[in-house]
Amino acid sequence: MQYNRCGKWGLKLPAVSLGLWHNFGGIDVFENGRAMLHRAFDLGITHFDLANNYGPPPGSAEENFGKILKQDFSAYRDELIISSKAGYLMWPGPYGEWGSRKYVLASLDQSLKRMGLEYVDIFYSHRPDPDTPLEETMMALDRAVRSGKALYVGISNYPADMAKEAAQILKELGTPCLIHQPRYSMFERWVEDGLLDVLEDEGIGCIPFSPLAQGLLTNKYLKGIPEGSRATREVFLKKEHVDTAHDKIVALNAIAQERGQSLAQMALAWILRDKRITSVLIGASSVKQIDDNVEMLKNRSFSVEELEAIEKVLD
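These notes cover the structure that comes with them. (Residues numbered from 1 in each chain as written. Predicted model: local features only at pLDDT ≥ 70, side-chain atom pairs only at ≥ 80, totals over all residues. Heavy atoms only, no water.)

What to know about the packing of aromatic side chains
No. 1: In total, this model carries eight aromatic pairs according to the counting rule given.
No. 2: Ring geometry for Phe 41 against Phe 73: centres 5.5 Å apart, planes inclined by 80°, an arrangement best described as edge-to-face. You can see Phe 41 sitting in helix H1 (residues 30-42) and its partner Phe 73 sitting in helix H2 (residues 60-73), a full 32 residues away along the chain.
No. 3: When its relative accessible area of 15% is taken as the criterion, Phe 41 is described as buried.
No. 4: Measuring from ring centre to ring centre gives 5.3 Å for Trp 91 and Tyr 103, while their planes differ by 50°; the resulting arrangement is tilted. (Phe/Tyr/Trp six-rings, centres within 6.5 Å; stacked < 30°, edge-to-face > 60°. Helix = DSSP H or I, 4+ residues; strand = E, 2+ residues; numbered from the N terminus. Buried < 20%, exposed > 50% of the residue type's maximum accessible area, 1.4 Å probe, protein only.)

Things to note about the pairing of strand S3 (residues 16-19)
No. 1: Going residue by residue along S3, you find Val 16 and Leu 18 tucked away on one face and Ser 17 and Gly 19 tucked away on the opposite face as well.
No. 2: Two strands pair when backbone bridges link them, and S3 and strand S10 (residues 280-282) are joined in this way by three bridges, in the parallel orientation. Across the sheet, residue Ser 17 finds its bridge partner in S10, namely Leu 281.
No. 3: With two bridges connecting them, S3 and strand S4 (residues 47-49) associate as parallel partners. Of the residues in S4, the one forming a bridge with Gly 19 is Asp 49.
No. 4: As a crossover connection, the stretch from S3 through H1 into S4 is right-handed. (Pairing = 2+ DSSP bridges. Right-handed = clockwise from strand over helix to strand, strands pointing away.)

What about the pattern of salt bridges?
No. 1: Tallied over the full model, the rule gives 21 salt bridges.
No. 2: Across the pair Arg 34 and Asp 72 runs a salt bridge, and its minimum N-O distance is 2.6 Å. Here Arg 34, found in helix H1, pairs with Asp 72, found in helix H2; they are 38 residues apart in sequence, far enough to count as distant.
No. 3: By relative accessible area, Arg 34 is classed as partly exposed at 22%.
No. 4: The salt bridge involving Arg 276 is made with Glu 200; its shortest N-O contact spans 3.8 Å. With Arg 276 in the loop between helix H8 (263-271) and S10 and Glu 200 in helix H6 (residues 195-202), the pair connects residues that are 76 residues apart, well separated along the chain.
No. 5: Given the relative accessible area of 49%, Glu 200 is considered partly exposed. (Salt bridge = Lys/Arg side-chain N within 4 Å of Asp/Glu carboxyl O.)

Thoughts on the state of the cysteines
No. 1: A full pass over the atoms with the stated rule returns zero disulfides.
No. 2: Considering cysteine sulfurs only, Cys 6 is the nearest to Cys 206, which forms no disulfide, with 9.2 Å between them. (Disulfide = S-S within 2.5 Å.)

Brief notes about the packing of H2 against helix H3 (residues 101-115)
No. 1: Where H2 contacts H3, the two axes come as close as 7 Å, and the packing angle between them is 40°. Considering the angle they form, H2 stands oblique to H3. Across the interface between the two elements, Glu 62, Glu 63, Phe 65, Gly 66 and Leu 69 from H2 touch Ser 111, Arg 114 and Met 115 from H3.
No. 2: Here the contact of H2 with H3 is composed, by residue class, of three nonpolar, two polar and three charged. (Axes fitted to C-alpha atoms, helices over the stretch in contact; angles between N-to-C directions. Parallel < 35°, antiparallel > 145°, perpendicular 65-115°, else oblique. Contact = heavy atoms within 4.5 Å. Nonpolar A, V, L, I, M, F, W, Y, C, P; charged D, E, K, R; others polar.)

Things to note about the nonpolar core
No. 1: With 88 residues, the main nonpolar core has Leu 18 and Phe 48 as its most contacted residues.
No. 2: With eight residues, the top contributor of residues to this core is H8.
No. 3: Residue contacts for Phe 48: discarding those within four places in its chain leaves Leu 18, Leu 20, Leu 37, Ala 40, Phe 41, Phe 65, Leu 80, Ile 81, Ile 82 and Ser 83.
No. 4: Of all hydrophobic cores here, the second largest spans eleven residues; its members include Leu 11, Ile 207, Phe 209 and Leu 281. (Core = buried A, V, L, I, M, F, W, Y, C linked by side-chain atoms within 4.5 Å.)

See below:
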């Protein structure tokens, strides 16, 4: 495993981190999640990324992670970077989502209780709140650090202008922004239109989620939509997404094969080609997927010709 400095700060993250958005919830097989966490750690993945609402049901990913942490990882707490987030709907009523100080700090307390932790390493504002002043949300993050419940803070899904403003507020408060977690893949490149420049200027790290575009950038959809796949049952990936991207997937897969990689491996390496990226956040449903994704690290470099060929497909 390779470890990269998070922006200008002292914390290093593995080049590949494991997200618990899917496949670790109450509806999933507990022992499969446990096996994936074991394998990830054995491979040098020291960063596990959660959020209050991960499951389903919401909160169950943190509960399951807490159980596994207690029985298997308690001796390794100081070797782990554990993150959580608050921002999306977690409980009913006016205080159960978005970015108010009330919600953000209550959510952190709930997350710590579910995971059986005294603190998280990174605590995020999961999304900007259009109806709450940015300084209120950032003051809540600052409070999380000063109360000893988080070591670092970050933001997720913030556009470039808001990210810059949030970074300035946090700097003035004395709790700098460590990291930003945006959606970024070959098929979703909005971060290249200003956000990465802001992060570089501010010395903030970047850990993209959905680097495989919800599974589109894998070999799963090369021949259409398999029965039981995510595109047949999920709101985040629809049949029309697969149909629209199919020709590009096939063309990208051909480039990956020439590199001696799977499409997924090339897509992850492509994200990491930019030095402003600290880590790439993978999801997994099996130990084998984790093994295959980490195998990408053996070939992270691209020739000029390969990058041009990829751009031609993506245009």
